[in-house]
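The residues making up each chain are set out below.
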Amino acid sequence: MRLIVGYLATPSGKDGLVLGAQLARSLGAQLDICMVLPPDRSLPAKVPSEAGYDDILAARAHDWLAEAKASVPEDIQVEVHLSFHESFAQGLLDEVDRLSALAIVVGASGDGLLGRHAIGSVSTELLHSAHVPVALAPRGTRHSAATAIREVTCALGTRVGADVVLNTAVRTSELMQVPLRLVSLVALDPQNDLRDHRDTAESARERARNHARDTLDIARAALPAEFPIEVIIADGSTVESAVRQLDWQDGDLVMVGSSRLAQPRKLFLGSTAAKMLRVLPVPMVVVPKHEFTQPEALS
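Because the structure is a prediction, the values reported are computed rather than measured.

## Structural notes on the overall build of the protein
Moving on, step 1. The secondary structure content of the protein amounts to eight helices and ten strands.
Moving on, step 2. Within the protein, residue pairs in contact and separated by at least 24 positions form 76% of the contacts whose partners lie at least 6 positions apart.
Moving on, step 3. Carbon together with sulfur atoms contributes 52% to the accessible area of the protein, which is approximately 13900 Å² in total.

Dropping the structure here:
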């Protein structure tokens, strides 16, 4: 099992690296630190052409990768990779295929608030084109005291693909041997597939309770007896207020599914997940919308 970290020698790059290490340790996976440089870079006016600017840049990149590798705890198997592509995101996707990696980990863009997510151009491209799960580290993850994932939270609605993210979260929790928390978003989603035009606030909440019970039964049936699992109905006037009311701790991880607009085996960040990201203080994993015969962790 291999996980890719899209790395830059920046604070956000270090955020992604720390999350990658937490995931790798929890899953018993190898960590592949990947840096992507643009090809045929134009030479700055102050750099003589004979200096071999591309060679200098590549050498510096190798130094950055070596420093990143040295920062990963010794109990985690790690390799570093340097490649060239016009698009950093597409370069990472090419590495996913080459290395048969199961997921990509990236940090927030540099202008985000501490402890919050900020989606930059690379994250946006990955969230619209990746065929594997993408794990997003909020700004400041590099300061996390957690050495591994503490708990997996699965945020669920009723739309097509909800079963995929549920199965993925169940399998991931089991492999990591960490508690699973299921959060029903039905009551907060005006377009959920269970809603009836005659619904009142109470009838909508009753539907949410039924959905939560059904989801819990499905998860329990797939997990060993006595496995720690709970279900919560997200409560609040908005998605953001509901997320704020949930208890979050260092080492927590949230898993969400792709929007119904996503193509098969592709990602597309839905509106509910995007609202969650605005206030979520812990990492989020977005799972592609595709079917599989057996639930696999982060795949």
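## Observations concerning the pairing of strand E5 (residues 134-137)
Moving on, step 1. Here E5 shows two buried faces, one formed by Val134 and Leu136 and the other by Ala135 and Ala137.
Moving on, step 2. Strand direction decides the pairing type here: strand E4 (residues 103-107) and E5, joined by four bridges, are parallel. What sits directly across from Val106, in E5, is Leu136.
Moving on, step 3. Relative to strand E10 (residues 284-287), E5 runs antiparallel, the two sharing three bridges. Paired with Val134 across the two strands is Val286, which belongs to E10.

## What to know about the nonpolar core
Moving on, step 1. One finds Leu23, Leu31 and Leu180 to be the most contacted residues of the largest nonpolar core, which totals 48 residues.
Moving on, step 2. Here this core takes seven residues from helix H5 (residues 162-176), the largest share from any one element.
Moving on, step 3. Counting residues in each nonpolar core, the second largest holds 37 residues, with Ala89, Leu127, Val256 and Ala273 among its members.

## Some points on the packing of helix H3 (residues 88-99) against helix H4 (residues 121-129)
Moving on, step 1. Between H3 and H4, whose axes approach to 8 Å, the crossing angle comes to 50 degrees. Taken together, the axes of H3 and H4 lie oblique to each other. Between H3 and H4 the crossing geometry is right-handed. Residues Phe88, Ala89, Gln90, Leu92 and Leu93 of H3 form the contact with H4, whose own contacting residues are Val122, Glu125, Leu126 and Ser129.

## Structural notes on the pattern of salt bridges
Moving on, step 1. Under the criterion given, the structure shown has eleven salt bridges.
Moving on, step 2. In this structure, Arg142 and Asp15 form a salt bridge, with 3.0 Å as the shortest nitrogen-oxygen distance. Here Asp15 lies in helix H1 (residues 11-27) and Arg142 lies in the loop between E5 and strand E6 (151-156), a separation of 127 residues in the sequence.
Moving on, step 3. Here Arg142 falls in the partly exposed class, since its relative accessible area comes to 27%.
Moving on, step 4. The buried category is assigned to Asp15, whose relative accessible area is 1%.
Moving on, step 5. Salt bridges sharing common partners tie together Arg150, Glu151, Arg181 and Asp252.

## A look at the pairing of E10
Moving on, step 1. What you see with E10 is no split at all: Met284 and Val286 on one side and Val285 and Val287 on the other are buried throughout.
Moving on, step 2. As defined by bridge partners, strand E9 (residues 252-257) adjoins E10 across four bridges and the pair is classed as parallel. Residue Val254 lies in a different strand from E10, and its bridge partner there is Met284.

## Remarks on the side chain of Asp32
Moving on, step 1. As for its placement among the helices and strands, Asp32 is situated in strand E2 (residues 30-37).
Moving on, step 2. In this structure the side chain of Asp32 is engaged in a polar contact, spanning 2.7 Å, whose partner is the side chain of His81.
Moving on, step 3. With sequence-adjacent residues up to four places away left out, Asp32 is seen in contact with Arg2, Leu3, Ile4, Val5, Glu79, His81 and Leu99.

## Describing the packing of aromatic side chains
Moving on, step 1. Per the counting criterion, the structure on display carries zero aromatic pairs.
Moving on, step 2. Sitting above the plane of the Trp248 ring, Arg181 keeps its charged end 4.6 Å from the centroid.

## A word on the confidence of the model for the protein
Moving on, step 1. Here the protein shows a mean pLDDT of 81. Residues at 70 or above account for 77%.
Moving on, step 2. Across the protein, element-level confidence peaks in strand E1 (residues 2-6) with a mean pLDDT of 96 and bottoms out in helix H8 (residues 271-279) with 79.
Moving on, step 3. Throughout residues 42-47 the model reports pLDDT below 50, and contacts reaching past four residues in sequence, or to other chains, amount to five contacts.
Moving on, step 4. Confidence over residues 291-295 falls short of pLDDT 50; this stretch has nine contacts with residues more than four positions distant or in other chains.

Cut-offs applied
- Residues numbered from 1 in each chain as written.
- Predicted model: local features only at pLDDT ≥ 70, side-chain atom pairs only at ≥ 80, totals over all residues.
- Heavy atoms only, no water.
- Helix = DSSP H or I, 4+ residues; strand = E, 2+ residues; numbered from the N terminus.
- Contact = heavy atoms within 4.5 Å.
- Areas by Shrake-Rupley, 256 points an atom, 1.4 Å probe, with all protein chains shown as cover.
- Buried < 20%, exposed > 50% of the residue type's maximum accessible area, 1.4 Å probe, protein only.
- Pairing = 2+ DSSP bridges.
- Core = buried A, V, L, I, M, F, W, Y, C linked by side-chain atoms within 4.5 Å.
- Axes fitted to C-alpha atoms, helices over the stretch in contact; angles between N-to-C directions.
- Parallel < 35°, antiparallel > 145°, perpendicular 65-115°, else oblique.
- Left-handed = near helix turned anticlockwise from the far one by under 90°.
- Salt bridge = Lys/Arg side-chain N within 4 Å of Asp/Glu carboxyl O.
- Polar contact = N/O pair within 3.5 Å; in protein donor to acceptor, adjacent residues only side chain to side chain.
- Phe/Tyr/Trp six-rings, centres within 6.5 Å; stacked < 30°, edge-to-face > 60°.
- Lys NZ or Arg CZ within 6 Å of the ring centre and 35° of its normal.
- pLDDT = per-residue confidence, 0-100.

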